[in-house]
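Now for the letters of each chain:
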Amino acid sequence: MRFRAKIVDLACLNHFSRIINTIAKLAKTCILRLTVCKLYFILSDKVANGGASMWCELSQGNFFDEFQMEGVAAEHNEIYLELVPENLSRALKTAQNAKAVKIKLTNKHCPCLSVAVELPSLSSSSRIVTHDIPVGVIPRRMWNDFREPSVPDFDVSIYLPALKTMKSVVERMKNLSNFIVIEANLSGEMNLKIETDLVSITTHFKDLGNPPWASEDDCQSNTQDRDLESMAEACIDIKKLQQLLAGQQVNPTKALCNIVRKRIVHFILLHEEVSLQYFIPAIA
């Protein structure tokens, strides 16, 4: 089992670093799945137990100048590692104007991802700072626990308003309640609501638009005979939503949310070479 990779391009390095920052805000520990073409960061808290789950997918070719890996076996050419993303985020923070960053799977007392940061220096030789990040190697028999979460048939899919706007609304509401209701319809309208014994506050968004698949009935239940104005809603933990919005550094070109009535809210943030999915279960 071997893995080594190198980033030379500074823009790619900074972009990669921002993505790791976002993941570190969403997950204390996560699984890094390495394949020949892609990297996946996976958080699979059991949604049934009220935990959020995350699935972030990057194409390695868009970030790395060199990328070599050998999986656990020829027919299972993948590696699954458990790590604390905050540690990786910290290591990359030292690399903001680095000449190159090399990441390698090593074994120093325990398995580690060694991040070697080559920094420019005044002399002819460059300085190299190495961070060893302990990782756990996930055995093959447990890989099935980290498959892509399936998306249940949603009632409504809608584009999100500007995430900065949404973030400031949620920040204010968070001081008043632990729960927030997200509701949306197939006419591009979405509301964020909190209701407590003392206050009831609703923020309305209009003309957001619904993704095209909302009307393609291949995988979704028939929307043709549905009332476009009727709202599908789910009540979720406001802290989990705030975490997603506050930690967000992917700067998505598209952001949308799918609501399964009273069951789950599924967020998708898309940037050319990155997709981040985040699932927050509804509170009964």
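Source: prediction; values computed, not measured.

## Observations regarding the packing of helix α1 (residues 10–26) against helix α2 (residues 85–93)
Phase 1: For the pair α1 and α2, the least separation of the axes is 8 Å and the interaxial angle reads 150°. The angle between α1 and α2 places the two elements in the roughly antiparallel class. α2 is crossed by α1, and the crossing has left-handed handedness. Across from L13, F16, S17, I20, N21, I23 and A24 in α1, the residues of α2 making contact are P85, E86, L88, S89, L92 and K93.

## Points about helix α4 (residues 238–246)
Phase 1: For α4, the complete set of buried residues consists of I238, K240, L241, Q242, L244 and L245.
Phase 2: The N-terminus of α4 is capped by D237, whose side-chain oxygen sits 2.8 Å from the backbone nitrogen of K239.

## Description of the packing of helix α3 (residues 163–174) against α4
Phase 1: Direction vectors running N to C along α3 and α4 enclose 145°, while the axes themselves pass 9 Å from each other. Judged by the twist between their axes, the crossing of α3 over α4 is left-handed. Touching L163, M166, K167, V170, E171, M173 and K174 of α3 are I238, L241, Q242, L245 and A246, all from α4.
Phase 2: Here the contact of α3 with α4 is built from residues that sort into 8 nonpolar, 1 polar and 3 charged.

## Remarks on the pairing of strand β5 (residues 66–70)
Remark: a regular strand shows side chains that alternate across the two faces of the sheet.
Phase 1: Side chains F67 and M69 project from β5 onto a buried face, and the interleaved E66, Q68 and E70 project onto a face without burial.
Phase 2: As paired elements, strand β1 (residues 2–7) and β5 share 5 bridges and run antiparallel to each other. Looking at the pairing, F3 lines up with M69 of β5.

## Re the confidence of the model for the protein
Phase 1: Averaged over all residues, the pLDDT of the protein equals 90, while 94% of them reach at least 70.
Phase 2: When the elements of the protein are averaged for pLDDT, α1 gives the smallest value, 92, and strand β12 (residues 179–184) the largest, 97.
Phase 3: Of the regions scoring below 50 in pLDDT, residues 216–221 engages in 8 contacts with residues more than four places distant in sequence or in other chains.

## Some details on the pairing of strand β2 (residues 30–34)
Phase 1: A large share of β2 lies buried, amounting to 5 of its 5 residues.
Phase 2: Taking every second residue as pointing to the same face, both faces of β2 are buried, with C30, L32 and L34 on one and I31 and R33 on the other.
Phase 3: Two strands pair when backbone bridges link them, and β2 and strand β6 (residues 79–83) are joined in this way by 5 bridges, in the antiparallel orientation. For I31, the partnering residue across the bridge sits in β6 and is E82.

Parameters at a glance
- Residues numbered from 1 in each chain as written.
- Predicted model: local features only at pLDDT ≥ 70, side-chain atom pairs only at ≥ 80, totals over all residues.
- Heavy atoms only, no water.
- Axes fitted to C-alpha atoms, helices over the stretch in contact; angles between N-to-C directions.
- Helix = DSSP H or I, 4+ residues; strand = E, 2+ residues; numbered from the N terminus.
- Parallel < 35°, antiparallel > 145°, perpendicular 65-115°, else oblique.
- Left-handed = near helix turned anticlockwise from the far one by under 90°.
- Contact = heavy atoms within 4.5 Å.
- Buried < 20%, exposed > 50% of the residue type's maximum accessible area, 1.4 Å probe, protein only.
- Polar contact = N/O pair within 3.5 Å; in protein donor to acceptor, adjacent residues only side chain to side chain.
- Nonpolar A, V, L, I, M, F, W, Y, C, P; charged D, E, K, R; others polar.
- Pairing = 2+ DSSP bridges.
- pLDDT = per-residue confidence, 0-100.

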